[in-house]
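Architecture and fold: a report
Read off the chains here:
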Amino acid sequence: MSRLIFAALLLLAACADRAPDQRSTYRDRGTQIYSNAVLDPARLGGAWQQVASFAAKPGGCAPGAVQFGDVQGSTIPLDATLCLGGKMQRFAGAAQLDGPGRLQPLGTEARGIGQPWWIIWADVDMRTLVIGTPSGEMGFILNRGGPLPADRLTAAREILDWNGYDLTRLKLF
């Protein structure tokens, strides 16, 4: 009887959702992640195109886009449709400015697109942003003003690598 109970418990454990700390991740959580301490959120305003994202396997979805509005106190309007982990995700609302280079979409559960967005790199002219999460469950690159040049892609990849991301899982659009 005890073997039957043990087998049933194993079966239930295999079917259950993974615990929050066991969800898919694209980065080594043992590696420190850093947000951009000198980022001026007022410079985020405008339209951004998604040029890369992390996915477990090739394919999935088309690139998305993000529209940041003007900073309003400690929040910023945020409208995003992004390909994350191979699935399109949508958010429309505002994000709390939680610290230097850190945004928290408001009114969502802290999974998927609702996780804290840490801007881990922005080029000096604010044409490219690299966004990651402490959990490592998502990461993506945004660009504006045309195609992403090779030098900024190289810099973005180096920053992602330095923050513990697995570059073999980075998919360019």
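Let me sum up the structure you'll find in this document. (Residues numbered from 1 in each chain as written. Predicted model: local features only at pLDDT ≥ 70, side-chain atom pairs only at ≥ 80, totals over all residues. Heavy atoms only, no water.)

Of the regular secondary structure elements, the protein holds two helices and nine strands. The linear arrangement of helices and strands in the protein, starting from the amino end, is α-β-β-β-β-β-β-β-β-α-β. Of all 173 residues assigned to the protein, the portion counted as buried reaches 42%. Sequence separation of 24 or more characterises 54% of the internal contacts of the protein that already satisfy a separation of 6 or more. For the protein, the accessible surface area stands at approximately 9200 Å², while carbon and sulfur atoms represent 57% of it. (Helix = DSSP H or I, 4+ residues; strand = E, 2+ residues; numbered from the N terminus. Buried < 20%, exposed > 50% of the residue type's maximum accessible area, 1.4 Å probe, protein only. Contact = heavy atoms within 4.5 Å. Areas by Shrake-Rupley, 256 points an atom, 1.4 Å probe, with all protein chains shown as cover.)

Bridge analysis of strand β3 (residues 75–84) against strand β4 (residues 87–99) gives 10 bridges, and the strand direction is antiparallel. Each residue of the ladder has a partner; that of Leu82, found in β4, is Gln89. In this antiparallel pair of consecutive strands, β3 and β4, the connection spans two residues, and Gly85 shows a positive phi of 60°. Pairing of β4 with strand β5 (residues 102–105), which is carried by four bridges, proceeds in the antiparallel orientation. Each bridged residue has a counterpart across the sheet, and for Gln96 the counterpart in β5 is Gln104. (Pairing = 2+ DSSP bridges.)

Residue placement: Thr108 occurs in the loop between β5 and β6 (117–122). C-alpha of Thr108 to C-alpha of Gly93: the two residues are 15 residues apart in sequence and 9.7 Å apart in space. Sequence-distant contacts of Thr108, defined by excluding residues within four places in its chain, comprise Phe91 and Gly114.

The next point concerns the pairing of strand β1 (residues 46–54). Both faces of the sheet carry side chains from a regular strand, because those side chains alternate between them. Of all the nine residues making up β1, seven are buried; the element is thus mostly covered by neighbouring parts of the structure. Alignment of β1 against strand β2 (residues 65–68), held across four bridges, turns out to be antiparallel. The partner of Gly46 across the bridge, within β2, is Phe68. Note: β1 against strand β9 (residues 170–172), three bridges, orientation antiparallel. Residue pairing in the sheet places Ser53 in a bridge with Lys171 of β9.

All right, on to the state of the cysteines then. A full pass over the atoms with the stated rule returns one disulfide. Here Cys61 connects covalently by a disulfide to Cys83, the sulfurs 1.9 Å from one another. Its torsion about the S-S bond being 90°, the disulfide of Cys61 and Cys83 is classed as right-handed. In this pair, Cys61 is assigned in the loop between β1 and β2 and Cys83 in strand β3, connecting sequence segments 22 residues apart. Accessibility classification places Cys61 together with Cys83 in one group, the buried group. (Disulfide = S-S within 2.5 Å.)

Next up on the list: unusual backbone geometry. Despite not being glycine, Met126 has its phi angle at roughly 55°, a positive value. Within the secondary structure layout, Met126 lies in the loop between β6 and β7 (128–132).

Looking now at the packing of aromatic side chains. With the rule as written, the count across this model stands at four aromatic pairs. Each ring, one from Tyr34 and one from Trp162, has its centre 5.2 Å from the other, and the planes form 25°; the classification is stacked. Highlighted residues: Tyr34 in the loop between α1 (2–15) and β1 and Trp162 in helix α2 (residues 150–162), separated in sequence by 128 residues. Residue Tyr34 is classed as partly exposed on the basis of its relative accessible area, which comes to 42%. (Phe/Tyr/Trp six-rings, centres within 6.5 Å; stacked < 30°, edge-to-face > 60°.)

Limitation: the analysis is restricted to geometry and does not speak to function.
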